[in-house]
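Letter by letter, the chains look like this.
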Amino acid sequence: MKGPAMCMALCSLLAFVAQGTAHSGIFPYPYRAEVLDNGLTVIVIPMESPGLVSYYTVVRTGSRDEWEPGHTGFAHFFEHMMFRGTKKYPGSVYDRLMTEMGADANAYTTDDYTCYHIGLAKSDLEKVMELESDRFQNLFYDELAFKTEAGAVHGEYLKSLASPWMVLEEKLLATAFTAHTYRHTTIGFREDIEAMPTMYEYSKSFFQRYYRPENIVLMIVGDVEPDATISLVKKYYGQWQKGYVPPQIAPEPEQMGERVAHVTYKGKTLPILTVAYKGLAFSPTDVDVAACYLLGDLAFGQTSDIYKKLVIQQQRVEFISADFSANRDPKLFVIYTMVKDENDVENVRDEIFAAIAAFQEKAVTQEKLDTQRKNTMYSFLMNLDTPDKVAGNLARFAAMTGGIDCVDQLFATFERVTPADIQRVARKYLVSDKRTVVTVTGGE
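One structure accompanies this document, and this report is about it. (Residues numbered from 1 in each chain as written. Predicted model: local features only at pLDDT ≥ 70, side-chain atom pairs only at ≥ 80, totals over all residues. Heavy atoms only, no water.)

## Digging into the side chain of Thr274
- By the secondary structure assignment, Thr274 is in strand β8 (residues 272-278).
- You can call Thr274 buried: its relative accessible area is 0%. (Helix = DSSP H or I, 4+ residues; strand = E, 2+ residues; numbered from the N terminus. Buried < 20%, exposed > 50% of the residue type's maximum accessible area, 1.4 Å probe, protein only.)

Have a look at this one:
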């Protein structure tokens, strides 16, 4: 959607929010959520999108769930494997049917979930549902196909090492965590990926434990009618058997001191500096979680004092940004920057420490907090103008909580955050004993 059509859609969306609806929260679209007898959660969100539908299958398993030693990387592996298809619809047939329908099927994996998404025409909804329900219940692959795909994953891992950001992520997680499965990246430890071709039997166990209806949220968004859509879901997914087995994830011990690490990237790159602090598990009603979200943008967003100083005025860094969002389990609040001069890395690090200290010593003004709160709300709303954006922006919430009621709860909690809360969480979480600093510099 471009030009006038997009403007009209956004204006309609904001007007819809401003006028209020029977739905009392910030999320602008009424929706229907239902849990089938087998535990599958279905969320149907009708919206103005003539003929267009987005179909998201959120598996609440990501690399976090890879708790068994020597078996990291399997959540991402199944992102690949699911396109191998079934005996009824082998991968090549699945691909051909999707192409003939003009549907756009893809997938991605994160630390907390794996997401399969399809953009399709309304007229093809039942056929797509038949195909998707079939592969999630009847995925089939032999050992040769398994080894072939494991080889492809190994190749993807080696390719990822061409990025200094991948090198950084591996070092940061391995330094910050000692026990929790967040210690490894989504693609997995290198030695596990290399050994993956020998783990055919284990792969079937992984699939049988995690690809179960109780562990999945199905979101269907767009030009759909809820009753008819739910009926189709029951028809195609109703016979899927329960069987989810929760992972046995070890909690991370409390960090008792600062950790510092450095890694050399073999290629050329400007120095990268990352300062991370132990974060929080997502809870939409927890004021600390909401305050940390806002603190990250207030302290390191594009209107922050440090951004204006280092990026715009002094031009000492390429950028500076922060991610203070929460995960299913406590992970990291992270500040990233790329420094233009290697001799300036320590000074930039100290600038970051000073920016944090400023928020610890003095409460942010009410005006700045209110402005950031509005910015957060409108940034979220402005990305809800198409079925794909709606489903895409809700996927992580659905993965973390099993539903999307948490969106309204989180934004209601944002309204409760005070300047004193921002100062309090800065003092409580951004402390040196819970800090991990990692730098990356380029090789010769």
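## Some details on the packing of aromatic side chains
- The final tally for this structure, using the stated rule, is 35 aromatic pairs.
- Summarising the aromatic geometry, the rings of Trp165 and Phe319 are spaced 6.0 Å apart at their centres and angled 35 degrees between planes, so their arrangement reads as tilted. Linking Trp165 in helix α6 (residues 164-176) with Phe319 in strand β9 (residues 317-323), this pair joins segments that are 154 residues apart in sequence.
- Residue placement shows Lys278 over the ring face of Phe177; its charged tip is 5.1 Å from the ring centre.
- One residue, Arg435, lies across the ring of Phe353, its end atom 3.9 Å from the ring centre. (Phe/Tyr/Trp six-rings, centres within 6.5 Å; stacked < 30°, edge-to-face > 60°. Lys NZ or Arg CZ within 6 Å of the ring centre and 35° of its normal.)

## Looking at the state of the cysteines
- Counted according to the given criterion, the structure contains zero disulfides.
- With no disulfide of its own, Cys292 has Cys406 as its nearest cysteine by sulfur position, at a separation of 17 Å.
- Judged by its relative accessible area of 2%, Cys292 is buried.
- Relative accessible area serves as the criterion here: at 3%, Cys406 is assigned to the buried category. (Disulfide = S-S within 2.5 Å.)

## Remarks on the nonpolar core
- In this structure, Met219, Phe300 and Ile422 are the most contacted members of the largest nonpolar core, which totals 72 residues.
- Apart from the residues within four sequence positions on either side, Phe300 is in contact with Ile306, Ile320, Ser321, Ala322, Phe324, Ile335, Ile352, Ala355 and Ile356.
- With 56 residues, the next largest nonpolar core counts Tyr55, Tyr89, Met129 and Tyr211 among its residues. (Core = buried A, V, L, I, M, F, W, Y, C linked by side-chain atoms within 4.5 Å. Contact = heavy atoms within 4.5 Å.)

## Some thoughts on the packing of helix α10 (residues 287-300) against helix α13 (residues 366-381)
- For the pair α10 and α13, interaxial distance at closest approach is 10 Å and the crossing angle is 110 degrees. One finds that α10 runs roughly perpendicular with respect to α13. Listed contacts from α13 to Leu294, Asp297 and Leu298 of α10 are Lys368, Leu369, Gln372, Arg373 and Thr376.
- Across the contact of α10 with α13, the residue classes break down as three nonpolar, two polar and three charged. (Axes fitted to C-alpha atoms, helices over the stretch in contact; angles between N-to-C directions. Parallel < 35°, antiparallel > 145°, perpendicular 65-115°, else oblique. Nonpolar A, V, L, I, M, F, W, Y, C, P; charged D, E, K, R; others polar.)

## Here's the deal with helix α3 (residues 91-101)
- All of the buried residues in α3 are Gly91, Tyr94, Leu97, Met98 and Met101. For α3, the angular spread of buried residues about the axis comes to 130 degrees, placing them on one side. Exposed positions of α3 whose direction lies more than 90 degrees from the buried face are Ser92, Thr99 and Glu100.
- Within two residues after α3, Gly102 carries a phi angle of roughly 75 degrees, on the positive side. (Arc of directions from axis to C-beta.)

## Re the pattern of salt bridges
- Under the defined criterion, the tally for this structure stands at 30 salt bridges.
- In this structure, Glu34 engages Arg32 in a salt bridge whose closest nitrogen and oxygen atoms are separated by 2.8 Å.
- According to the relative accessible area criterion, Arg32 is partly exposed, its value standing at 26%.
- Between Asp344 and Arg316 there is a salt bridge; the shortest N-O distance is 2.9 Å. Taken as a pair, Asp344 in the loop between β10 (332-339) and α12 (345-361) and Arg316 in the loop between α11 (305-313) and β9 lie far apart in primary sequence, 28 residues in all. Accessibility classification places Asp344 together with Arg316 in one group, the buried group.
- Each member of the salt-bridge network shares a partner with another, and the members are Arg32, Glu34, Asp227 and Lys234. (Salt bridge = Lys/Arg side-chain N within 4 Å of Asp/Glu carboxyl O.)

## Focus: the sheet that holds strand β11 (residues 435-442)
- A sheet is described by the order of its strands in space; here five strands give the open sequence β7-β11-β8-β10-β9, paired in mixed fashion. In the strand order of this sheet, the two ends are held by β7 (259-265) and β9, each with one partner. On average, each strand axis in the sheet is inclined to that of its neighbour by 10 degrees, with strand direction left out of account.
- The sheet strands contacting α6 are β7, β8, β9, β10 and β11, and the helix crosses β7 at an angle near 155 degrees.
- Across the sheet, α12 lies against β8, β9, β10 and β11, angled at about 35 degrees from β8, the strand it touches most. (Pairing = 2+ DSSP bridges.)

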